[in-house]
Amino acid sequence: MSDWMPEAEGPSHEPAEPAPLGVGRTPTGRAEVDVLLERLADADHLPADGHTEVYEDVHGGLKDALTSLDARPAAVPGPPGPPAVSGTPSAYDHTHDHRS
């Protein structure tokens, strides 16, 4: 009896089909950041050479979001300061004689 077996085929040199990595994304509570994190899911359905565009897009958006945190809001005109208290002379009030 012979134990002849056909030769096993070598590894395939064809690229694998795109498949989700299964990496979870936790919402941050900041809408602009959460949208960008969801954009990462687009890479799950693209071949590897398409990932760069998605990653650069997300990186640019996250960079903009972080930069906006450093921006100081413009001064908003508000009500004037509290009025001077009556009967309390100011240091520059020379109109009244304060001698006893």
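Quantities reported herein were computed from a predicted structural model and do not represent experimental measurements.

Novice: When you look at the overall build of the protein in this model, what are you seeing that I'm missing?
Specialist: What the protein contains, in helices and strands, is two helices and zero strands. Buried residues in the protein amount to 12% of all 100 residues. Restricting to contacts in the protein with at least 6 residues of sequence separation, those with at least 24 account for 34%. Total accessible area on the protein stands at roughly 9400 Å², and carbon and sulfur atoms take up 59% of it.

Novice: What is the right way to read helix 2 (residues 51-70) from this model?
Specialist: Every α-helical turn comprises 3.6 residues, leaving residues that sit three or four positions apart pointing alike. With 20 residues, helix 2 should reach 28 Å at 1.5 Å per residue; the first-to-last C-alpha distance of 29 Å fits that figure. Within helix 2, the full set of buried residues consists of His 51, Val 54, Val 58, Gly 61 and Ala 65. Here the buried residues of helix 2 occupy an arc of 110 degrees about the axis, which is enough to place them on one side. Exposed positions of helix 2 whose direction lies more than 90 degrees from the buried face are Glu 53, Glu 56, His 59, Lys 63, Asp 64 and Asp 70. In the core, the buried residues of helix 2 are packed alongside helix 1 (31-39).

Novice: Before we go on, may I ask you to explain helix 1 in this structure?
Specialist: Restricting attention to buried positions, one finds in helix 1 the residues Val 33, Asp 34, Leu 36 and Leu 37. Within helix 1, the buried residues cover an arc of 160 degrees as seen down the axis, which keeps them to one side. Residues of helix 1 that are exposed and point over 90 degrees away from its buried face: Ala 31 and Val 35. Tucked into the core, helix 1 has its buried residues touching helix 2.

Novice: What exactly am I supposed to notice about the pattern of salt bridges here?
Specialist: Side chains carrying opposite charge are able to pair once their charged atoms draw close together. Counted according to the given criterion, the structure contains four salt bridges. Where Asp 42 meets Arg 39, a salt bridge forms, and the shortest distance between an N and an O atom there is 2.7 Å. On the basis of relative accessible area, Asp 42 is assigned to the partly exposed category, the value being 37%. Arg 39 gets classed as partly exposed once you look at its relative accessible area, which sits at 22%. One salt bridge connects Asp 57 with Arg 39, and the closest N-O pair in it is separated by 2.6 Å. Placement of Asp 57 in helix 2 and of Arg 39 in helix 1 is noted, with a sequence separation of 18 residues between them.

Each value, and the rule that gives it
- Residues numbered from 1 in each chain as written.
- Predicted model: local features only at pLDDT ≥ 70, side-chain atom pairs only at ≥ 80, totals over all residues.
- Heavy atoms only, no water.
- Helix = DSSP H or I, 4+ residues; strand = E, 2+ residues; numbered from the N terminus.
- Buried < 20%, exposed > 50% of the residue type's maximum accessible area, 1.4 Å probe, protein only.
- Contact = heavy atoms within 4.5 Å.
- Areas by Shrake-Rupley, 256 points an atom, 1.4 Å probe, with all protein chains shown as cover.
- Expected span 1.5 Å × (residues − 1).
- Arc of directions from axis to C-beta.
- Salt bridge = Lys/Arg side-chain N within 4 Å of Asp/Glu carboxyl O.

The values reported here are purely geometric and, on their own, carry no functional implication.
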